[in-house]
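Listed here are the chains, written in short residue letters.
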Amino acid sequence: MISKARVDARDDLPLTVLEISGEVTTFAEQAIVDAYEQATERGAKMILLDFSNVSYVNSAGISVIIGLVAQARERDQQILVSGLSEHYTRVFHIMGLESYVQLFDDKEQARQSVRARG
Amino acid sequence: MDLAASIAGYMGFSPERIEDIRTAVSEATLNAIEHGNRLDPATEVRVVLLPEPDRLEISVQDQSIVPLPAAPQLHPAPTVESKLAAGSRTRGWGVFLMNSLVDEVDFRSTGHGNVVRMTIHLRRQVPPLERTHSWEESNADTA
């Protein structure tokens, strides 16, 4: 099976937005981790993972996100998430992930929240 | 997954529960492929959907020759914190999600593989899990 995920990075300082498209499974790991590492090399401190164009997520894909959270913790970065469907928002709740990543309805809400912090 | 969702829709399950069923079937199938069949392309996963008047039963069977550990549904639930611990693998949420998303989960080993049977009642038997505390609550000092 091949990866059905694509990640487009966009610097929208102080946010770096990683727009994920397709399916977030174990096969998306390389694309997501590569985009995260490149953002880190550019000095990103607040990384927004946008799921607006994601059609499917499984636990293996969420584990990839947990791996990013672990990396971010060591690097003094913050991971934010936007655009999850109602169902996957609930899955994040059930797994307890909302304590570790801040969830937003969409990218604009995330931007406004970050700007409000100053 | 799509067939299970279609049947669940035909039976009258709500859209939210159909999504739960879709994810639970996906996780059971993923476990069967990865852990039961060990990614062997020569093996098969058999999914049986049994609609009853008051419930939907879904069985997912792999071709593993290794019996399941005792009562995997009773294993301690994973936590993000434990997964974040240094050196910990971040995978291992499948059984937890199945338990969280459907009413009953039963595992058994047969002579022809391991089977997970999930039962979803039209009238929910277990209330949906309450959400955990939010990021804002967890980071009240820093947010």
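Residues numbered from 1 in each chain as written. Chains lettered and ligands numbered in written order. Predicted model: local features only at pLDDT ≥ 70, side-chain atom pairs only at ≥ 80, totals over all residues. Heavy atoms only, no water.

Draft legend 1. Representation of the overall build of chain A within the structure. When helices and strands are counted, chain A shows four helices and five strands. Taken from the N to the C terminus, the helices and strands of chain A come in the order β-β-α-β-α-β-α-β-α. Taken over the C-alpha trace, chain A has a radius of gyration of 13 Å; the compact-globule value for 118 residues is 13 Å, and the two agree within 12%. When the backbone C-alpha atoms are referred to their principal axes, chain A occupies close to 40 × 30 × 25 Å. Relative to its 118 residues, chain A shows a buried fraction of 55%. Of the accessible surface of chain A, which amounts to about 5,300 Å², a share of 45% is contributed by carbon and sulfur atoms. (Helix = DSSP H or I, 4+ residues; strand = E, 2+ residues; numbered from the N terminus. Rg over C-alpha atoms; globule rule 2.2 N^0.38 Å. Buried < 20%, exposed > 50% of the residue type's maximum accessible area, 1.4 Å probe, protein only. Areas by Shrake-Rupley, 256 points an atom, 1.4 Å probe, with all protein chains shown as cover.)

Draft legend 2. Examining the interface of chain B and chain A more closely. Counting residues at the interface gives 31 residues for chain B and 26 residues for chain A. Interface area, chain B with chain A, both sides summed: about 2,600 Å², of which 58% is carbon and sulfur. Taken together, the connections running from chain B to chain A amount to three salt bridges. In this structure, B:Glu81 and A:Arg73 form a salt bridge, with 3.1 Å as the shortest nitrogen-oxygen distance. (Contact = heavy atoms within 4.5 Å. Buried area = accessible area lost by both parts, 1.4 Å probe. Salt bridge = Lys/Arg side-chain N within 4 Å of Asp/Glu carboxyl O.)

Draft legend 3. Molecular detail of the sheet that holds strand S2 (residues 15-24) of chain A. Residues and elements named next belong to chain A. With mixed pairing, the five strands of this open sheet are ordered in space as S1-S2-S3-S4-S5. Two strands in the sheet have a free side with no partner beyond their single neighbour: strand S1 (5-12) and strand S5 (102-104). Each strand axis lies, on average, 25° off the axis of its neighbour in the sheet, ignoring direction. Note: S2 against strand S3 (residues 46-57), nine bridges, orientation parallel. Of the residues in S3, the one forming a bridge with Leu15 is Met46. Across the sheet, helix H1 (residues 29-41) is in contact with S1, S2, S3 and strand S4 (78-82); its angle to S2 comes to roughly 175°. (Pairing = 2+ DSSP bridges. Axes fitted to C-alpha atoms, helices over the stretch in contact; angles between N-to-C directions.)

Draft legend 4. The packing of aromatic side chains, seen in detail. Per the counting criterion, the structure on display carries two aromatic pairs over all chains. Ring plane angle 80° and centroid distance 6.4 Å describe the contact between A:Phe51 and A:Phe92, whose orientation is recorded as edge-to-face. Here A:Phe92 lies in helix H3 (residues 86-95) and A:Phe51 lies in strand S3, a separation of 41 residues in the sequence. The same class applies to A:Phe51 as to A:Phe92, namely buried. An angle of 70° between the planes, with centres 5.8 Å apart, marks the rings of B:Trp93 and B:Phe96 as edge-to-face. For the pair formed by B:Trp93 and B:Phe96, the shared burial category is buried. (Phe/Tyr/Trp six-rings, centres within 6.5 Å; stacked < 30°, edge-to-face > 60°.)

Draft legend 5. A look at the packing of H3(A) against helix H4 (residues 94-101) of chain B. It is the contact of H3(A) with H4(B), at a shortest axis distance of 11 Å, that shows an interaxial angle of 110°. Taken as axis vectors, H3(A) and H4(B) run roughly perpendicular relative to one another. In the packing of H3(A) onto H4(B), the handedness of the crossing is right-handed. Contact residues: A:Arg90, A:Val91, A:Ile94 and A:Met95 in H3(A); B:Phe96, B:Leu97, B:Ser100 and B:Leu101 in H4(B). Partitioned by chemical class, the residues of the contact of H3(A) with H4(B) number six nonpolar, one polar and one charged. (Parallel < 35°, antiparallel > 145°, perpendicular 65-115°, else oblique. Left-handed = near helix turned anticlockwise from the far one by under 90°. Nonpolar A, V, L, I, M, F, W, Y, C, P; charged D, E, K, R; others polar.)

Draft legend 6. Quick peek at unusual backbone geometry. A cis geometry characterises the amide bond from A:Leu13 onward to A:Pro14, with omega recorded as 10°. Note on placement: A:Pro14 falls in the loop between S1 and S2. In the Ramachandran plot, A:Asp76 falls in the positive-phi region, its phi being about 60° despite a non-glycine side chain. The topology assignment puts A:Asp76 in the loop between helix H2 (59-74) and S4. When its relative accessible area of 62% is taken as the criterion, A:Asp76 is described as exposed. Residues other than glycine seldom take positive phi values, yet B:Arg38 does so here, at roughly 50°. Tracing the backbone through its elements, the reader meets B:Arg38 in the loop between helix H2 (15-36) and strand S1 (46-52).

Draft legend 7. Quick peek at the nonpolar core. Within the largest apolar cluster, 42 residues are counted, with the highest numbers of intra-cluster contacts made by A:Leu49, A:Phe51 and A:Ile79. Residue contributions to this core peak at eight residues, all from H2(A). Once residues within four sequence positions are removed from consideration, A:Phe51 is found in contact with A:Ile20, A:Val24, A:Val57, A:Ile65, A:Val81, A:Ser82, A:Gly83 and A:Leu84. Within the second largest apolar cluster, 22 residues are counted, among which are B:Ala4, B:Ala28, B:Ala32 and B:Ile58. (Core = buried A, V, L, I, M, F, W, Y, C linked by side-chain atoms within 4.5 Å.)

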